[in-house]
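Examination of the molecular architecture
Chain by chain, the residues:
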Amino acid sequence: METFDLPRRLAAEALGTGILVATVVGSGIMAETLTKDVALALLCNTLPTGAILVVLITVLGPVSGAHFNPAVTLVFTGRRELPVNEAVLYIAAQIAGGAVGTMAAHLMYAHPLIDLSMKVRTGGPQWFAEAVAAFGLVATILAGIRFQRAAVPWLVGLYITAAYWFTASTSFANPAVAIARSLTNTFAGIRPIDLPGFILAELCGAMAGMLLMNWLLGRPKLSGGIAIAETRP
């Protein structure tokens, strides 16, 4: 695997997270515009998100590992596959990229650049759902890297597509995406006041996924590079 320098890897993380968020927010706005059926709107939000994850992980994975997700970055740091100082920069790039992605979606649909969400997403079942979503995402990534590395983009995209529908929270599973979604008062939004519960649940779920998969799969040496990630509404 070709090694890219840190600035290029950070640019890839920001770009990938930005496009991911623009897809989540933009498809949500389009869905609300085209239908008042909430189930159909969620489907219209789900399919583009799963599809763009396959594309982004495939094309940017070789550059940065395609985390696009602070929880995933922390997992690889916990596995000692990414230095702490680089992880901090990855996370900053992901958060910044996500915020720009929301603004890009707003520009495309003539919305204010920043429009803080008023959509309530809180409570124990929602938090537990986010922990489950992040747990499953990390398990999918780590097992995929171990057994079917080339299939990881598809595995992640399909997992998020499914998790949109089986989790009560619609599977954000990503702190950077959650923060970006707090900046939009549209279909994909979440109130800023609800962020702490979601982010804590996502991080706990991701760490639990890492611990279980480390035990279940063992810790063989990987052939180079990190691997992937991501999420949704």
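Predicted model, so just to flag it, every value in this text is computed and none were measured.

Another aspect to go through is the overall build of the chain. Along the backbone of the chain there are 8 helices and 0 strands. Reading the chain from its N end, one meets helices and strands in the order α-α-α-α-α-α-α-α. Computed over the C-alpha atoms, the radius of gyration of the chain is 16 Å, within 12% of the 17 Å expected from 2.2 N^0.38 for a compact globule of 233 residues. Expressed along its principal axes, the backbone C-alpha trace of the chain runs to roughly 50 × 35 × 30 Å. Among the 233 residues that make up the chain, the fraction classed as buried is 55%. Taking all contacts inside the chain whose residues are at least 6 apart in sequence as the whole, residues at least 24 apart take part in 82%. Only carbon and sulfur atoms are counted for the fraction: they give 73% of the accessible area of the chain, which is about 9,900 Å².

Here we come to the packing of helix α1 (residues 6-34) against helix α2 (residues 38-64). Following both chains from N to C, one finds α1 and α2 inclined at 170 degrees, their axes separated by 8 Å at the closest point. The angle between α1 and α2 falls in the class roughly antiparallel. For the contact of α1 with α2, a count of residues per class yields 14 nonpolar, 7 polar and 3 charged.

By the definition in use, this model includes 4 salt bridges. R8 is the partner of D5 in a salt bridge, and the nearest nitrogen-oxygen pair spans 2.5 Å. Among the residues examined, R8 registers a relative accessible area of 51% and is labelled exposed.

Let us now look at the packing of aromatic side chains. In this description, a pair of aromatic rings is defined by centroid distance and the angle of the planes. Tallying each qualifying case throughout the model produces 2 aromatic pairs. Where Y159 meets F166, the ring centres are 6.3 Å apart and the plane angle is 75 degrees; that geometry is what we call edge-to-face. When its relative accessible area of 49% is taken as the criterion, F166 is described as partly exposed. Sitting over the face of the ring of F187, K119 holds its NZ or CZ atom 4.7 Å from the ring centroid.

Our focus in this paragraph is the packing of helix α3 (residues 70-78) against helix α4 (residues 84-108). α4 packs onto α3 with a crossing angle of 170 degrees between their chain directions and a minimal axis gap of 9 Å. As judged from the angle between their axes, α3 and α4 are roughly antiparallel. Across from P70, T73, L74 and T77 in α3, the residues of α4 making contact are V84, A87, Y90, I91 and Q94. In terms of residue class, the contact of α3 with α4 is made up of 6 nonpolar, 3 polar and no charged.

Okay, the environment of I141 next. Along the chain, I141 falls in helix α5 (residues 124-147). As a C-alpha pair, I141 and M213 span 72 residues in sequence and 9.8 Å in three-dimensional space.

On the secondary structure map, T49 appears in helix α2. Accessibility expressed as a relative area gives 0% for T49, which makes it buried.

Looking now at the side chain of R181. With respect to the secondary-structure elements, R181 resides in helix α7 (residues 175-181). The buried charged residue R181 lacks any salt bridge partner; its closest oppositely charged side chain belongs to E130, at an N-O distance of 7.0 Å. At 2.4 Å, the side chain of R181 and the backbone oxygen of A188 are in polar contact.

Excluding glycine, residues mostly carry a negative phi; peptide bonds, for their part, are mostly trans. One non-glycine residue, R80, lies in positive phi territory at about 60 degrees. Structurally, R80 is set in the loop between α3 and α4. In the Ramachandran plot, A110 falls in the positive-phi region, its phi being about 60 degrees despite a non-glycine side chain. Examined against the element boundaries, A110 turns out to sit in the loop between α4 and α5.

Further remarks concern the nonpolar core. Within the largest apolar cluster, 51 residues are counted, with the highest numbers of intra-cluster contacts made by L20, F76, L137, I141, V156 and I160. Looking at this core, the elements that each hand over two or more residues are α1, α2, α3, α4, α5, α6 (152-166), α7 and α8 (195-217). For this core, the leading source of residues is α5, giving 9 residues. Grouped together as the second largest cluster of nonpolar side chains are 5 residues, F172, A178, I190 and L195 included.

Reading the values: the criteria
Residues numbered from 1 in each chain as written. Predicted model: local features only at pLDDT ≥ 70, side-chain atom pairs only at ≥ 80, totals over all residues. Heavy atoms only, no water. Helix = DSSP H or I, 4+ residues; strand = E, 2+ residues; numbered from the N terminus. Rg over C-alpha atoms; globule rule 2.2 N^0.38 Å. Buried < 20%, exposed > 50% of the residue type's maximum accessible area, 1.4 Å probe, protein only. Contact = heavy atoms within 4.5 Å. Areas by Shrake-Rupley, 256 points an atom, 1.4 Å probe, with all protein chains shown as cover. Axes fitted to C-alpha atoms, helices over the stretch in contact; angles between N-to-C directions. Parallel < 35°, antiparallel > 145°, perpendicular 65-115°, else oblique. Nonpolar A, V, L, I, M, F, W, Y, C, P; charged D, E, K, R; others polar. Salt bridge = Lys/Arg side-chain N within 4 Å of Asp/Glu carboxyl O. Phe/Tyr/Trp six-rings, centres within 6.5 Å; stacked < 30°, edge-to-face > 60°. Lys NZ or Arg CZ within 6 Å of the ring centre and 35° of its normal. Lys, Arg positive; Asp, Glu negative; His and termini not counted. Polar contact = N/O pair within 3.5 Å; in protein donor to acceptor, adjacent residues only side chain to side chain. Core = buried A, V, L, I, M, F, W, Y, C linked by side-chain atoms within 4.5 Å.

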